[in-house]
Amino acid sequence: MKEILVPETSHILYNSDSRKMAKLSDESVNLVLTSPPYPMVEMWDDLFKSWDKNTKSALAKNLGNEAFEAMHLQLDKVWKECFRVLKEGGILLVNIGDATRSIGGEFSLFSNHSRILWACRNFGFTSLPDILWRKQTNSPTKFMGSGMFPVGAYVTYEHEYILVLRKGGLRKYSKSETEIRRNSAFFWEERNVWFSDVWDLKGERQIFKDVGASRERTAAFPLDFAYRLVNMFSIKGDTVLDPFLGTGTTSLAALLSARNSIGYDVDQGILEIARKKLLGAVNVSSRILQNRLQSHLDFISDRKKQKKEISHKNKHYGFPVITSQETELTFESVDSSLESEHFSLKANYSRFNLQNSSKK
């Protein structure tokens, strides 16, 4: 099989509301990866109240369940749009955390992940096994409720969900896509970690000042998180959509993985941060690819020391791999990230230079 190089990808940022993505055609996207504003988490109250008067009224009256449902009815509009723009076999990935909150003096859990699953299944999505993300951002000494006394002590939440949903049945690939899929493979040892049901990745909390953004902070997921998911659920040349783009982590992960991307955000100041991220992708690309390669070579070295069998070689680079599915795997490094017009960028690629690492 021949190597398929992706010469260029495009990355478009829309300063617009994703509840109606009119600029996107039906079945034009291969993957949706997003983390929406979390219903019943106070930092997002103002956004939800600006979207819907029922949310504002319910919160003012301390009606927690009514506020929760009103917020989700607005998110439902986004999930419905995602179903429309996804191709058959396309994947929707939603990073969401449940909320704990006292409303009117009553403490309660608001199960965001189950409400989103329910809505998406009603729109026609098929739910697939999900991932539990242990963020480990909470202090182990942070107690909720009555501390050391039963019965009013509460479990401290340190996890979120990555919901995995598919539109229709298994994706079907054309002849050219089948070849690209082989080049888009990941390492055997990466699969063992990436496709486990519990991830231990530290979360990121970003605070913005004097950047023209209307909100001061966001709970962005880390680049390693998005990079994994883009590589797990799409192939090179695919289009990845994030309807709540924020600081651009999803688009950056897509760019680094030789995928196209589209992002929506209502905050132009936050999109400016995303734009700068994409323009600075060249150095990030080299670091990520070198780390992936070195991790693989270290894994192979350890396996040889254990005298375990290694039966295959990658045809493009010559390094050992565990399975035949890894023999066509290739890396594309970002040569340049250029802006064709404001909030519209292009990225160019070349074969990643192993710099003699394969000889180690």
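Source: prediction; values computed, not measured.

Thresholds, definitions, all that
- Residues numbered from 1 in each chain as written.
- Predicted model: local features only at pLDDT ≥ 70, side-chain atom pairs only at ≥ 80, totals over all residues.
- Heavy atoms only, no water.
- Buried < 20%, exposed > 50% of the residue type's maximum accessible area, 1.4 Å probe, protein only.
- Helix = DSSP H or I, 4+ residues; strand = E, 2+ residues; numbered from the N terminus.
- Pairing = 2+ DSSP bridges.
- Contact = heavy atoms within 4.5 Å.
- Polar contact = N/O pair within 3.5 Å; in protein donor to acceptor, adjacent residues only side chain to side chain.
- pLDDT = per-residue confidence, 0-100.
- Disulfide = S-S within 2.5 Å.
- Salt bridge = Lys/Arg side-chain N within 4 Å of Asp/Glu carboxyl O.
- Arc of directions from axis to C-beta.
- Expected span 1.5 Å × (residues − 1).
- Bend = angle between axes of the 7 residues up to and from the residue.
- Axes fitted to C-alpha atoms, helices over the stretch in contact; angles between N-to-C directions.

Draft legend 1. Spotlight on the pairing of strand β14 (residues 260–264). With 5 of 5 residues buried, β14 lies mostly within the body of the structure. Residues of β14 alternate between two faces, with Asn260, Ile262 and Tyr264 on one and Ser261 and Gly263 on the opposite face, all of them buried. Where strand β1 (residues 8–14) and β14 come together, 4 bridges link them in parallel fashion. In the strand pairing of β14, His11 is matched with Ser261.

Draft legend 2. Local environment of the environment of Arg84. Its place among the elements puts Arg84 in helix α3 (residues 64–85). Overall, Arg84 belongs to the partly exposed group, its relative accessible area being 23%. Not counting the four nearest positions on each side in its chain, Arg84 is found in contact with Met21, Leu24, Ser25, Asp26, Glu27 and Lys167. Side-chain polar atoms of Arg84 contact the backbone oxygen of Met21, separated by 2.9 Å.

Draft legend 3. Molecular detail of the confidence of the model for the protein. Considering every residue of the protein, the mean pLDDT works out to 90; 90% of them sit at 70 or more. Across residues 205–217, confidence stays below pLDDT 50; counting only partners more than four residues off in sequence or on other chains, it has 31 contacts. Across residues 356–360, where pLDDT falls below 50, the model places 7 contacts with residues more than four positions away in sequence or in other chains.

Draft legend 4. Geometry of the state of the cysteines. Across all of its chains, the model carries 0 disulfides by this definition. The structure places no disulfide on Cys82, whose sulfur is separated from the nearest cysteine sulfur, that of Cys120, by 7.8 Å.

Draft legend 5. Broad picture of the environment of Lys49. Position of Lys49 among the secondary structure elements: in helix α1 (residues 45–51). You can call Lys49 partly exposed: its relative accessible area is 31%. Setting aside residues up to four positions removed in sequence, Lys49 forms contacts with Thr55, Lys56 and Leu59.

Draft legend 6. Seen up close, the pattern of salt bridges. Following the criterion strictly, the structure yields 17 salt bridges and no others. In this structure, the salt-bridge partner of Glu177 is Arg171, at a minimum N-O distance of 3.7 Å. Between Glu339 and Arg275 there is a salt bridge, and its shortest N-O distance comes to 2.6 Å. On the criterion of sequence distance, the pair formed by Glu339 in strand β17 (residues 332–341) and Arg275 in helix α9 (residues 268–279) is long-range, its members being 64 residues apart. Looking at Arg275, the relative accessible area reads 16%, which means it is buried.

Draft legend 7. The arrangement of helix α2 (residues 53–60) in detail. Listing the buried residues of α2 in full gives Thr55, Ala58 and Leu59. For α2, the angular spread of the buried residues around the axis is 95 degrees, confining them to a single face. Turned more than 90 degrees from where α2 packs its buried face, Lys53, Lys56 and Ala60 sit exposed. Next to the buried residues of α2 lie α1, α3 and β4 (99–103). Looking one or two residues beyond α2, the residue adopting positive phi is Asn62, at roughly 60 degrees.

Draft legend 8. Geometry of the pairing of β1. Of the pairings in the sheet, the one linking β1 to strand β18 (residues 344–351) comprises 5 bridges and is antiparallel in character. Residue pairing across strands places Ile12 opposite Ser344, the latter belonging to β18.

Draft legend 9. Quick peek at α3. For α3, spanning 22 residues, the distance from its first C-alpha to its last is 32 Å, which sits close to the expected 32 Å at 1.5 Å a residue. The sharpest bend along α3 reaches about 25 degrees and sits at Gln74.

Draft legend 10. Inspection of the sheet that holds strand β10 (residues 198–200) at higher detail. Strand order in the open sheet formed by 10 strands is β10-β6-β9-β3-β2-β13-β14-β1-β18-β17, and the pairing between neighbours is mixed. Each having just a single partner strand, β10 and β17 make up the two edges of the open sheet. Ignoring which end each strand starts from, the neighbouring axes of this sheet average 20 degrees apart. Relative to β18, β17 runs antiparallel, the two being bridged by 8 bridges. Counted as the bridge partner of Glu332 is Arg351 from β18. The strands that helix α7 (residues 223–233) touches are β2 (29–34), β3 (86–96), β6 (125–134), β9 (159–167), β10 and β13 (239–242); relative to β2, the one it contacts most, it runs at about 155 degrees.

Draft legend 11. Expanded view of unusual backbone geometry. We note that Lys307 has phi near 60 degrees; this positive angle belongs to a residue other than glycine. Of note, Lys307 is situated in the loop between α10 (281–305) and β15 (312–313). Phi at Phe343 is positive, roughly 70 degrees, even though this residue is not glycine.

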